[in-house]
Amino acid sequence: MRVQKTYWTVALMLLIAVYSFAGSLNTNTGLSLKELGAKRNVLIGTTATAWQLIQDGAFSDIAVREFDIVTPENAMKFGNIHRTEKAYDFGEADAIVDFCLSNNLKVRGHTLVWHTQLPGWVEIFKNDKGRMKKIMKDHIKTVVGHYKGKVAYWDVVNEAVRDEDGELRETVWYKSIGKEYFKLAFKWAREADPKAKLFYNDYASEIFSKKSDGIYALMQYFKKEHIPIDGIGFQMHLDLANPPSREVIVSNLNRFADLGLEIHVTEMDVKTMDFKGTKKQMEKALAQVYQDVFAACLSVKNFKNFTLWGLTDKYTWLSLTYGSVNYPLIFDNQYKPKESYYGMKRALEGM
Ligand code: XIL
């Protein structure tokens, strides 16, 4: 009898030890990312296409279960939604918005004024300032107006600052309209939907650099000029071979929060192709980056949104862009949660 009791006590202790070890590795709460996010007052987001949301059941199940907000990957870009001067094509974007609103997901509009994925017809008018202003106004008023009350956040201007020196990028918008294009873009977006929150969005801005200093100067200019902006998006396309430190992210992002801006991460993913090590080591390092970056952001003032540029490694723009396989996200090709998923949960649980 006594032997049996000892046996059960030891077995129970072992079981507890195994569980708490597994818990320390994985976190054991059955809560979804968005349920944990709600406790920290942060929205969890992913990008998506209409096909992924409507035709790929495994994808949409995860999107609805784990996420609060969706950014259309390409459907709202100028070249997709406004391919010819006279005609707008809202087809894919409407399908995404309808799916989201009927599944309790918010939508981030991406993006109104950008130099990439622009249709050829816009460039034809590049030497006509008045015409370029009119094109921009018509585009913003029509697209934002179409989604009035449905799109909660807009990336109004995307990637306007140069990587190498932080000066303004010589885009067709800047060259034809001048610096005034920022003020006009935000003003017209605000007029078209006064309740939508308006953002400036850029990449390679998470650490201190000439580029992030340039973006900071641009945001100071916005404030000085009373340009109606609500927040700034940090795309957060990272490289596992060279991830940013927690401390740098916190102090860099806090300087933007001190300008009164809401802080969002808008496109996080991590390029893995240059990591040196085994796949197992890579996934472990990736999980640490997700945990560290998210934990850093959670300690930044006014931090409200953490969006990933996708959810499964099956669909990632990185593998297509670099022509080399990458594993940048938090679900694997079979939609199984990866260690990085648990890394995000650990950050949300304050570990
Ligand atoms: C990418 C899309 O993921 C690709 O499908 C497309 O071919 C190119 O654009 N910064 C942005 C996003 O703001 O719009 C980009 O999305 C990724 C980089």
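Look up a bit, the structure's there.
Residues numbered from 1 in each chain as written. Predicted model: local features only at pLDDT ≥ 70, side-chain atom pairs only at ≥ 80, totals over all residues. Heavy atoms only, no water.

Q: I'd like a rundown of the overall build of the protein chain, residues and numbers included.
A: Across its full length, the protein chain holds 15 helices and nine strands. The globule rule puts the C-alpha radius of gyration for 351 residues at 20 Å, and the 22 Å found for the protein chain is close to it. Expressed along its principal axes, the backbone C-alpha trace of the protein chain runs to roughly 95 × 40 × 40 Å. Taken over 351 residues, the protein chain has a buried fraction of 52%. Within the protein chain, contacts between residues at least 6 apart in sequence are counted, and of these 78% link residues at least 24 apart. (Helix = DSSP H or I, 4+ residues; strand = E, 2+ residues; numbered from the N terminus. Rg over C-alpha atoms; globule rule 2.2 N^0.38 Å. Buried < 20%, exposed > 50% of the residue type's maximum accessible area, 1.4 Å probe, protein only. Contact = heavy atoms within 4.5 Å.)

Q: Can you tell me about the layout of surface pockets, naming the residues and giving the values?
A: By volume, the largest pocket amounts to about 610 Å³. For the largest pocket, the lining is made up of 32 residues, of which Tyr203, Ala204, Gln235, His237 and Leu238 are closest to its centre. Broken down by secondary-structure element, the contributors of at least two residues to the lining of the largest pocket are β7 (237-239), β8 (262-271) and α14 (317-322). Ranked by the residues each element gives to the lining of the largest pocket, the list is headed by α14, at four residues. Classifying every residue of the lining of the largest pocket by side-chain character gives eleven nonpolar, eleven polar and ten charged. By volume, the second largest pocket is sized at about 210 Å³. Residue composition of the lining of the second largest pocket, by class: two nonpolar, two polar and seven charged. (1 Å grid on protein atoms, 1.4 Å probe; cavity = no way out; pocket = protein on both sides within 12 Å on 5 of 7 lines; lining within 4 Å. Points joined across faces, edges and corners; volume = space filled by probe spheres on them. Nonpolar A, V, L, I, M, F, W, Y, C, P; charged D, E, K, R; others polar.)

Q: Explain the packing of helix α8 (residues 129-146) against helix α10 (residues 180-192) to me, using residue names and the numbers behind them.
A: One can describe the packing of α8 onto α10 by two numbers: an axis separation of 8 Å at closest approach and a directional angle of 30°. In terms of axis orientation, α8 runs roughly parallel to α10. Regarding α8 and α10, the two cross each other, and that crossing is right-handed. Every residue of α10 that contacts α8 at Lys129, Lys133, Met136, Lys137, Ile140, Lys141, Val144 and Gly145 is listed here: Glu180, Tyr181, Leu184, Ala185, Trp188, Ala189, Glu191 and Ala192. Each residue belonging to the contact of α8 with α10 can be placed in one class, and the counts come to nine nonpolar, one polar and six charged. (Axes fitted to C-alpha atoms, helices over the stretch in contact; angles between N-to-C directions. Parallel < 35°, antiparallel > 145°, perpendicular 65-115°, else oblique. Left-handed = near helix turned anticlockwise from the far one by under 90°.)

Q: Would you mind going over the site of the ligand in detail, with residue names and values included?
A: Not every one of the 13 residues close to the ligand is listed here, only the nearest: Glu73, Lys77, His110, Glu267 and Trp309. A distance of 3.2 Å is found between a nitrogen atom of the ligand and a side-chain nitrogen or oxygen belonging to glutamine 235. With respect to the ligand, the side chain of tryptophan 309 contributes an N or O atom lying 2.9 Å from an oxygen atom. Among the detected pockets, the ligand sits in the largest pocket. (Near = heavy atom within 4 Å. Polar contact = N/O pair within 3.5 Å; in protein donor to acceptor, adjacent residues only side chain to side chain. Sits in = over half its atoms within 2 Å of the grid points.)

Q: Account for the packing of aromatic side chains, naming residues and giving values.
A: Inspection of the entire model under this criterion finds 18 aromatic pairs. An angle of 80° between the planes, with centres 5.3 Å apart, marks the rings of phenylalanine 234 and phenylalanine 256 as edge-to-face. Pair noted here: phenylalanine 234 is in strand β6 (residues 231-234) and phenylalanine 256 is in helix α12 (residues 246-257), with a separation of 22 residues, a long-range link. Relative accessible area serves as the criterion here: at 0%, phenylalanine 234 is assigned to the buried category. Under the relative-accessibility criterion, phenylalanine 256 is labelled buried at 0%. (Phe/Tyr/Trp six-rings, centres within 6.5 Å; stacked < 30°, edge-to-face > 60°.)

Q: Outline the side chain of threonine 312, supporting the account with residue identities and numerical values.
A: Relative to the helices and strands, threonine 312 resides in the loop between β9 (303-308) and α14. According to the relative accessible area criterion, threonine 312 is buried, its value standing at 0%. A distance of 2.8 Å separates a polar side-chain atom of threonine 312 from the backbone nitrogen of lysine 314. Here the side chain of threonine 312 touches aspartate 332 through a polar contact of 3.0 Å, landing on its backbone oxygen. The contacts of threonine 312, once residues within four sequence positions are left out, are Phe59, Leu329, Phe331, Asp332, Asn333 and Tyr335.

Q: If you had to explain the pattern of salt bridges to someone new, which residues and values would you point to?
A: On inspection of all chains with the given rule, the structure shows 23 salt bridges. Residues arginine 162 and aspartate 165 are paired through a salt bridge, measuring 2.7 Å at the closest nitrogen-oxygen approach. For arginine 246, the salt bridge identified is with aspartate 292, shortest N-O distance 3.1 Å. With a gap of 46 residues between them, arginine 246 in helix α12 and aspartate 292 in helix α13 (residues 279-298) connect regions that are remote in the sequence. When its relative accessible area of 32% is taken as the criterion, arginine 246 is described as partly exposed. (Salt bridge = Lys/Arg side-chain N within 4 Å of Asp/Glu carboxyl O.)

Q: Help me get a handle on the side chain of threonine 49, residues and values and all.
A: Note on placement: threonine 49 falls in the loop between β1 (43-48) and α3 (50-55). Judged by its relative accessible area of 18%, threonine 49 is buried. Of note is the side chain of threonine 49, whose polar atom sits 3.1 Å from the backbone nitrogen of glutamine 52. With residues up to four places along the chain from it excluded, the contact list for threonine 49 reads Glu73, Glu92 and Ile96.

Q: Mind laying out the pairing of β1, listing which residues take part and the relevant values?
A: In regular strands, side chains alternate between the two faces of the sheet. Burial analysis of β1 places six of its six residues in the buried class, the great majority of the element. Going residue by residue along β1, you find Leu43, Gly45 and Thr47 tucked away on one face and Ile44, Thr46 and Ala48 tucked away on the opposite face as well. Inspection of the sheet shows β1 paired to β9 by four bridges, in the parallel sense. Across the sheet, the residue bridging to leucine 43 is asparagine 305, located in β9. (Pairing = 2+ DSSP bridges.)

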